[in-house]
Amino acid sequence: MLTESYFVSVAGQPLANNTAVSKDVGVYEHTLHPSHSTTRTFKKSSAPRNCLAVGDTHVFAAQEDKSTVHVYSRAKGNQEAVVTFPERIQSVALQDDVLFLGSQEGRLIIWEICTGRQITTPACHVQAVTCIAATPYHLLTGSDDSNVHVWSIPRLLELDSTAEHEPQETLSNHRAAITSLAVGQSVNPDTNICVSGSKDKSCIVWNYQLAIPLRTLLFPSFPLCLAPDPCARAIYASSEDGSLYAIDLFAEKALLGPQSAEESSTAVQVSSAFGAAPQNAGPASCMALNFDGTILISGHPRGQVLRWDLSSRADSTELSNLNASVTNVAFVSPMPTSRPTKPVAVVKPFLGSRTYNFTAQLDSDHVQDTKFHRMLQSRGVPNDVLEQAILACQAPAIQGGAGDEALRKENEELWEVINEQRALQKKTLQRYVEAKAANPS
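The model shown is predicted, which means the values in this text are computed figures rather than measured ones.

**Focus on unusual backbone geometry**
Most peptide bonds take the trans form, and the phi angle of most residues other than glycine is negative. Put simply, H33 and P34 share a cis peptide bond, and its omega is 5°. Turning to its location among the elements, P34 is positioned in the loop between β2 (25-33) and β3 (37-43). We note that N50 has phi near 65°; this positive angle belongs to a residue other than glycine. Mapped onto the elements, N50 comes out in the loop between β3 and β4 (52-54).

In structure tokens:
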């Protein structure tokens, strides 16, 4: 049975003298399915918003108002390392085996956790980098200076030490600090998008690779956090007044794509919320959707972790109360992408020039996958299986005539043999009759 887990971090002092909740725990791992439970806890951490990153083997938590990152081993369940950086860390994001960190001074710090290689960009933001979103090829950074930078990850990881690290694009339509970033993982031009939320009470949907705004969404109060639907069909937003919004991008009146009736420059007022956080919980400071996009988990400043059923849009259900401000929620995929290696222990960053060693564990049996295994591990129906199915549906119209012709020729040849045998039998019988008539007994 597949299990679905998510991680939650808290920050600040305990809100009450609750002996049922450990005071030292800063990161929790919960199991959502098949039944909700606390699987594991990690101690001595206080990670603010956008400062938690979860990988297949490790958990990274940047500490509040500090330049340190606590690294936890998921397999061992303990703290593996404390890594110190030259500047205070305001945001983190993990992509494969590379941790990206946004600093208080507006710089981007890149740490390859399997080699220890560290790269620091110039201060391309004039204020703190408050949020980061990553795809396999691009990185997006949002800042208090109201700008969003788009970076090329291959360029950031170039081995040439003289290479200049500059943003590929800058998204600059907001007029106040960026509060949250959400990016889709699709390769479809219509859904290969990112969404930025700002204190100017707006969210902008972007084609981030071309730096083109696709739609501006206006809210009654500024959005605190965003969560994208796994299929990029919708965006979920939590606002300062406690409301939760679901923005359907491809509804009957589509906001994006060729079915959109309005110009992309037309702003859309979002006023209808599908839910509101309980007054005793406060507005959701972080949100995340599960693997199939049917359940939304929200964390609140007064310790509550709430579950929202998006199919029925029923009222929220409290899953737990952690007795401290909940700052981050992150789901772990129940079907992670297969990779040939995995980091067993992180290599602490090193600034100087040196020869780097790649330290990881082989995570494959070096045996070619079967067709069934590839289908089981893929998300949806694999492209090669779809192509074969389409060709199979088209094949009878093309190959049917050729098959019938071969059968007809084979039948003709058999009938020729049969007719020859019949003719020989008839001739033999005739000679027998003649011979008998010539020699009557």
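**Structural notes on the sheet that holds strand β22 (residues 243-248)**
Overall, antiparallel pairing links the four strands, which are arranged β20-β21-β22-β24 in an open sheet. Whereas interior strands pair on both sides, the edge strands pair on one side only; in this sheet they are β20 (223-228) and β24 (275-276). Here two bridges tie β22 to β24, and the two strands are oriented antiparallel to one another. Bridged to L244 within β24 is G275.

**Notes on the pairing of strand β7 (residues 78-84)**
Pairing geometry for strand β6 (residues 68-73) and β7, over six bridges, is antiparallel. By the bridge assignment, T68 is partnered in β7 with T84. Turn length for the β6-β7 hairpin, with the two strands adjacent in sequence and antiparallel, is four residues, and the turn residue G77 shows positive phi of about 75°.

**Remarks on the side chain of S73**
Tracing the backbone shows S73 in strand β6. Among all residues touching S73, those that are not within four sequence positions of it are F42, T57, H58, N78 and E80.

**Observations concerning the pairing of β3**
As paired elements, β2 and β3 share six bridges and run antiparallel to each other. The residue bridging T31 from the neighbouring strand is S37, located in β3.

**What about the environment of N18?**
Relative to the helices and strands, N18 resides in the loop between β1 (4-11) and β2. Considered as a pair, N18 and L386 are 368 residues apart in the sequence and their alpha carbons are 55 Å apart.

**Description of the packing of aromatic side chains**
Applying the stated rule across the entire model yields eight aromatic pairs. For the ring pair F60 and W111, a centre distance of 6.0 Å and an interplane angle of 85° mean the geometry is edge-to-face. A residue pair is termed long-range when its members are at least 10 positions apart, and F60 in strand β5 (residues 58-62) and W111 in strand β10 (residues 108-112) qualify at 51 residues. Look at F85 and W111: their rings are 6.1 Å apart centre to centre, the planes differ by 65°, and that puts the pair in the edge-to-face class. Remark: W111 occurs in strand β10 and F85 occurs in the loop between β7 and β8 (89-95); sequence separation between them is 26 residues. Accessibility assignment for this pair places F85 and W111 in one class, buried.

Parameters and conventions
Residues numbered from 1 in each chain as written. Predicted model: local features only at pLDDT ≥ 70, side-chain atom pairs only at ≥ 80, totals over all residues. Heavy atoms only, no water. Helix = DSSP H or I, 4+ residues; strand = E, 2+ residues; numbered from the N terminus. Pairing = 2+ DSSP bridges. Contact = heavy atoms within 4.5 Å. Phe/Tyr/Trp six-rings, centres within 6.5 Å; stacked < 30°, edge-to-face > 60°. Buried < 20%, exposed > 50% of the residue type's maximum accessible area, 1.4 Å probe, protein only.

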